[in-house]
Amino acid sequence: IVFCRHFVLNMGLPEKAAANNLASIIKLGWHRRLATCFDRWTTKCSNVTVVGTEESRENLLSLAPDAKIFYFPTKPCYLPKPIAAKSISRSQREDKRIVAVFVGDMSFPRNEDAVDWLISKVLPLLSEKELSRLHFKFIGRTNKEKMENKVSAGNSSVEFTGFVDDLPSHLEDAQCTVIPVFGGN
């Protein structure tokens, strides 16, 4: 049995109860105990447990010291090089618009909803002057025609690039990021 852990339950619980009353404290204690028991049981019962962070591995080893727990990075395991302040402080675009980047799989329903919300609900609220100063670049899988048809705000500058060969260079050209989180982690 190989158990791939993308989330360790006992690590995702808050440090303190939401309300400082006895019922809330007992409820959090119960959730913590249940999560810890589940994490310990599943780790002990599997032949191998695969986790995505070193912290998750250490946490599960503290619960089941004899278990075989392997760290397999599912996210970049290096720090990107710092971006020069001059790159962030002023746009490299000819029209001098501030570049705001969104990176994600826009075929994933929550991301598609988030981008749709940004384009159809937020951009129309901006003044023409604000719109003329911004360029929104969406990087990643998308239904380009479907999304471009949603852009209706007057002076909007919106670009759907799809996948790119050199993501760091696109990020270096941006002055900010847009992260409309609708769910997930």
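Look up a bit, the structure's there.
Everything in this summary refers to the structure shown in the same document. Being a predicted model, the structure only gives us computed values, none of them experimental.

Conventions used here
- Residues numbered from 1 in each chain as written.
- Predicted model: local features only at pLDDT ≥ 70, side-chain atom pairs only at ≥ 80, totals over all residues.
- Heavy atoms only, no water.
- Pairing = 2+ DSSP bridges.
- Helix = DSSP H or I, 4+ residues; strand = E, 2+ residues; numbered from the N terminus.
- Axes fitted to C-alpha atoms, helices over the stretch in contact; angles between N-to-C directions.
- Core = buried A, V, L, I, M, F, W, Y, C linked by side-chain atoms within 4.5 Å.
- Buried < 20%, exposed > 50% of the residue type's maximum accessible area, 1.4 Å probe, protein only.
- Contact = heavy atoms within 4.5 Å.
- Arc of directions from axis to C-beta.

### Brief notes about the sheet that holds strand β2 (residues 48-51)
Thinking step 1. Taken together, three strands build an open sheet; the order of strands is β1-β2-β3 and the sheet is parallel. Each having just a single partner strand, β1 (2-5) and β3 (69-71) make up the two edges of the open sheet. When strand polarity is set aside, the average angle formed by the axes of neighbouring strands in this sheet is 25°.
Thinking step 2. As defined by bridge partners, β1 adjoins β2 across four bridges and the pair is classed as parallel.

### Overview of the nonpolar core
Here is a general trend for soluble globular proteins: nonpolar side chains tend to be buried in one another's company.
Thinking step 1. Ranked by size, the top nonpolar core spans 14 residues in total, and within it M106, V115, F136, F138 and F160 carry the most contacts.
Thinking step 2. Elements supplying a minimum of two residues to this core: β4 (98-103), α4 (109-122) and β5 (134-139).
Thinking step 3. Setting aside its immediate chain neighbours within four residues, V115 contacts F102, M106, F138, M147 and F160.
Thinking step 4. Listed in part, the five residues of the second largest apolar core include V8, L60, L63 and I69.

### Looking at helix α2 (residues 54-63)
Thinking step 1. Every buried residue of α2 is listed here: S56, N59, L60 and L63. The arc enclosing the buried residues of α2, seen along the axis, measures out at 90°, which places them on a common side. Residues E58 and S62 are exposed on α2 and point more than 90 degrees away from its buried face.
Thinking step 2. On its buried side, α2 packs onto β1, α1 (22-45), β2 and β3.

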